[in-house]
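Coordinate inspection notes
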Amino acid sequence: MHIRKLTGGLVAALAVTFSLMSGQATAAPAPAPAADTAVAARIVTYDASGSAEFRSAVDRGAAIWNESVNAVELVPSAAGQRANIRVLADNGWPRAQTTSLGNGTVWIGRQAVTEGHNTIRISSHELGHILGLPDIKPGPCTSLMSGSTAGTSCTNAYPNAAEKSAVEGYFGGAFARTAGEAPLNTMIVD
């Protein structure tokens, strides 16, 4: 499981703030050396049973996000469990519909695969929408969220530093934002 740590400096800053709010100024305590507080990653489940021939690409896309960020972990749903993300295959263009941060439906469209786009990049990109990221078009291959504008020769399925940072911010514990940049209840067609 991924762990995100909050620094002792934050604890010291809060201590100073609370002591000043009480009306009496006191010296701030020294930051705790290595005794940082750990916050567990938010678990987001996905059901790829409807992803047909793209099942391994979906699992790899989820694994890439798990390797890339600490604040959220994508795990396959158990049989009979309602998943946060439903992944389907169809003959259209890849797309995602977010219902809330970490929840929605992804379609791995065969049209993009037929045109030569990489299935793992498609999966990772569409999962990125569910994790709150918008399209960044046009964009270079180094940007996962540039999607198809990077061309069919682009096989990069990893988010860049800015994309990782955004997802960490959306899911990062007590101070996390409640919604990502991707519009909610909207179909995002890549």
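Before reading on, note that the structure itself is shown above.
The present account deals with the structure reproduced in this document. (Residues numbered from 1 in each chain as written. Predicted model: local features only at pLDDT ≥ 70, side-chain atom pairs only at ≥ 80, totals over all residues. Heavy atoms only, no water.)

1. Structural notes on the nonpolar core
Of all hydrophobic cores here, the largest spans 30 residues; its most connected members are Trp65, Leu74, Ile85, Val167 and Phe171. Those elements giving two or more residues to this core turn out to be strand E3 (42-50), helix H2 (55-68), strand E4 (72-76), strand E5 (85-90), strand E7 (103-109), helix H4 (119-130) and helix H5 (161-171). (Core = buried A, V, L, I, M, F, W, Y, C linked by side-chain atoms within 4.5 Å. Buried < 20%, exposed > 50% of the residue type's maximum accessible area, 1.4 Å probe, protein only. Helix = DSSP H or I, 4+ residues; strand = E, 2+ residues; numbered from the N terminus.)

2. Remarks on H2
Taking 1.5 Å as the rise per residue, H2 with 14 residues should run 20 Å; its terminal C-alpha atoms sit 20 Å apart, in good agreement. When we look at burial in H2, the residues that qualify are Ala57, Val58, Gly61, Ala62, Ile64, Trp65, Asn66 and Ser68. Against E3, E4, E5, E7, H4 and H5 lie the buried residues of H2. (Expected span 1.5 Å × (residues − 1). Contact = heavy atoms within 4.5 Å.)

3. Quick look at H4
Taking 1.5 Å per residue as the helical rise, H4 with its 12 residues ought to reach 16 Å, and the 17 Å between its terminal C-alpha atoms agrees with that figure. Buried residues dominate H4, accounting for 10 of its 12 residues. Within H4, the full set of buried residues consists of Arg121, Ile122, Ser123, Ser124, His125, Glu126, Leu127, Gly128, His129 and Ile130. The N-terminus of H4 is capped by Asn118, whose side-chain oxygen sits 3.0 Å from the backbone nitrogen of Ile120. Two residues or fewer after H4 comes Gly132, characterised by a positive phi angle close to 105°. (Polar contact = N/O pair within 3.5 Å; in protein donor to acceptor, adjacent residues only side chain to side chain.)

4. Side note on the state of the cysteines
Scanning the entire structure with this criterion turns up one disulfide. Covalent S-S linkage joins Cys141 and Cys154, the inter-sulfur distance amounting to 2.0 Å. Classification of the bridge connecting Cys141 and Cys154 rests on its S-S torsion, roughly 85°, and on that basis the disulfide is right-handed. Taken together, the positions of Cys141 in the loop between H4 and H5 and Cys154 in the loop between H4 and H5 put the pair 13 residues apart, joining distant regions of the chain. (Disulfide = S-S within 2.5 Å.)

5. A closer look at the packing of H2 against H4
Between H2 and H4, the shortest axis-to-axis distance is 8 Å and the interhelical angle comes to 55°. Viewed along their axes, H2 and H4 adopt a mutual orientation that is oblique. Considering the relative orientation of H2 and H4, their crossing is right-handed. Packed against H2, whose contacting residues are Ala57, Val58, Arg60, Gly61, Ala62, Ile64 and Trp65, the element H4 presents Thr119, Ile120, Ser123, Ser124, Leu127 and Gly128 at the interface. For the contact of H2 with H4, a count of residues per class yields seven nonpolar, five polar and one charged. (Axes fitted to C-alpha atoms, helices over the stretch in contact; angles between N-to-C directions. Parallel < 35°, antiparallel > 145°, perpendicular 65-115°, else oblique. Left-handed = near helix turned anticlockwise from the far one by under 90°. Nonpolar A, V, L, I, M, F, W, Y, C, P; charged D, E, K, R; others polar.)

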